[in-house]
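# Descriptive analysis of the structure
Each chain, written out:
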Amino acid sequence: MNNYSSPSEGLEDHDEVEGLGMHTDMSCVTIVYQDEIGGLQVRSKEGKWMDISPCEGTLVVNVGDMFQAWSNEKLRSSEHRVILKQPVNRFSLAFFWCFEDQKVISAPDDVVGEGNVRIYEPFVCSDYLKFRESNERGRFEKVGFTVRGFAGIKDQQVIKCDSGKGIGSVACN
Ligand SMILES: O=C(O)CCC(=O)C(=O)O
Ligand SMILES: [Fe+2]
């Protein structure tokens, strides 16, 4: 349960306060209930913040880092934050579903797909949680503390495909 206390009284119209900074969830999947105050935002691939408006009887389902790795990035861990715009308390409830601690996350060959590059080394779930939780920055700051930073196969280069059909990724060696 998250309780965001009311931002200061002097809040003017259109003022915004960050209740929870941009982050991705470490989980596989997160299910979020937010009250009617709203404020949850998700960042598009292009970097645009979009409101997830509260809707009665509706829950938000977030893809987390573990699912991103397991799906070999077929699914993207959502970058999200909470913005407070009104001088009132806000409540939310987040359920983080993870694999068991000792489970190894490794995208199945069928998920990676023939001819595609495997983006992540297999890793133990609890090791990733420790990596993120072992310091304050790892919990809510992305730079250097993403699942890519933890388990991404390092010796990959992004190259332009010869066919000119777009950007492809190849593993060196
Ligand atoms: O309060 C919310 O709506 C979202 C909370 C959240 O993103 C989190 O606890 O990881
Ligand atoms: Fe979150």
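In the nomenclature of an unreviewed UniProt entry, the chain is known as Putative gibberellin-44 dioxygenase of Rosa chinensis.

## Describing the confidence of the model for the chain
Model confidence for the chain is summarised by a mean pLDDT of 85, while 80% of its residues fall at 70 or above. Within the chain, strand β10 (residues 123-124) carries the highest mean pLDDT (98), whereas strand β12 (residues 167-171) carries the lowest (41). Within the model, pLDDT remains below 50 along residues 158-173, and this stretch shows 24 contacts once partners closer than five positions in the same chain are excluded.

## Quick notes on the coordination of the iron ion (ligand 2)
Distances from the iron ion (ligand 2) to its protein donors, His23 (NE2), Asp25 (OD) and His80 (NE2), fall at 2.1 to 2.2 Å. One chain supplies every donor for the iron ion (ligand 2), spaced along it as H-x1-D-x54-H. Of this pair, His23 sits in strand β2 (residues 17-23) while His80 sits in strand β7 (residues 80-84), and the two are 57 residues apart along the sequence. His80 matches His23 in its accessibility class, with the two residues each being buried.

## With respect to the environment of Ala107
With respect to the helices, strands and loops of the structure, Ala107 is situated in the loop between β9 (104-105) and α2 (109-112). A relative accessible area of 6% places Ala107 in the buried class. Sequence separation of Ala107 and Leu40 is 67 residues, and the distance between their C-alpha atoms is 30 Å. What Ala107 contacts, discounting residues up to four positions off in sequence, is Ala69, Trp70, Asn72, Val112 and Arg118.

## Comments concerning the sheet that holds strand β6 (residues 60-63)
Remark on secondary structure: sheet strands pair via backbone hydrogen bonds, oriented parallel or antiparallel. The 4 strands lie next to each other as β1-β8-β3-β6, forming an open sheet whose pairing is antiparallel. Looking at strand neighbours, the two that pair on one side only are β1 (2-4) and β6, the edges of this open sheet. On average, each strand axis in the sheet is inclined to that of its neighbour by 25 degrees, with strand direction left out of account.

## Here's the deal with empty space enclosed by the protein
According to the stated counting rule, one finds 2 cavities of 30 Å³ or more in the structure shown. Looking at the largest cavity, its volume works out to about 50 Å³. In this structure, the largest cavity is lined by Ala69, Asn72, Ile105, Ser106, Ala107, Arg118, Tyr120, Glu121, Pro122 and Phe123. Here the lining of the largest cavity is built from residues that sort into 6 nonpolar, 2 polar and 2 charged.

## Overview of the layout of surface pockets
The calculated volume of the second largest pocket comes to roughly 200 Å³. When grouped by side-chain class, the residues that make up the lining of the second largest pocket number 2 nonpolar, 4 polar and 8 charged.

## Things to note about the environment of Ile105
Inspection of the secondary structure assignment puts Ile105 in strand β9. When its relative accessible area of 4% is taken as the criterion, Ile105 is described as buried. Apart from the residues lying within four places of it in its own chain, the contact partners of Ile105 are Met66, Ala69, Trp70, Phe99, Glu121, Pro122, Phe123 and Cys125.

## Regarding the sheet that holds strand β5 (residues 49-51)
Strand order in this open sheet of 4 strands is β2-β7-β4-β5, and the pairing throughout is antiparallel. The open sheet has two edge strands with one neighbour each: β2 and β5. When the angles between neighbouring strand axes are averaged without regard to direction, this sheet yields 25 degrees. Here strand β4 (residues 40-43) pairs with β5 via 3 bridges, running antiparallel. Its bridge partner being in β5, Val42 is matched across the sheet by Met50.

## Regarding the state of the cysteines
Using the criterion set out here, one finds 0 disulfides in the structure. With no disulfide of its own, Cys98 lies closest to Cys125 among cysteine sulfurs, the gap being 7.1 Å. Residue classification places Cys98 among the partly exposed residues on the basis of a relative accessible area of 27%.

Definitions and limits used
Throughout this document, residue positions are counted from 1 along each chain, in the order its sequence is written. Both sets of labels track the order of writing: A upward for chains, 1 upward for ligands. Where local features are concerned, this predicted model is filtered to residues with pLDDT of at least 70; where side-chain atom pairs are given and counted, the filter is 80 or more; whole-chain, interface and lining totals use all residues. Where side-chain values are given, they derive from all heavy atoms of the structure, hydrogens and water being excluded. Along the chain, pLDDT gives the predictor's confidence residue by residue, from 0 to 100. A run of H or I in DSSP counts as a helix once it spans at least four residues, and a run of E counts as a strand once it spans at least two, with each numbered from the N terminus. When checking whether two residues touch, look at their non-hydrogen atoms; a contact exists if any pair is within 4.5 Å. The donor set comprises N, O and S atoms within 2.8 Å of the metal, extended to 3.2 Å for Na, K and Ca; water molecules are omitted, so apparent gaps in a site may simply reflect that omission. Each residue is assigned to one of three classes by its accessible area relative to the maximum for its type, calculated with a 1.4 Å probe on protein chains only: buried under 20%, partly exposed between the two thresholds, exposed over 50%. Note: two strands are recorded as paired if DSSP finds a minimum of 2 bridges between them. Only the contacting stretch of a helix is used when fitting its axis, a line to C-alpha atoms as for every element, and angles between N-to-C directions run 0 to 180 degrees. Every definition here rests on a 1 Å grid over the protein atoms only: cavities are sets of points where a 1.4 Å probe fits but cannot get out, pockets are open sets enclosed by protein on both sides within 12 Å along at least five of seven lines, and lining residues have some atom within 4 Å of a point. Grid points are joined across faces, edges and corners, and a volume is the space filled by probe spheres set on the points. Here the nonpolar group is Ala, Val, Leu, Ile, Met, Phe, Trp, Tyr, Cys and Pro; Asp, Glu, Lys and Arg are the charged ones; every other residue, Gly included, is treated as polar. Note that a disulfide, as used here, is simply two cysteine sulfur atoms within 2.5 Å.

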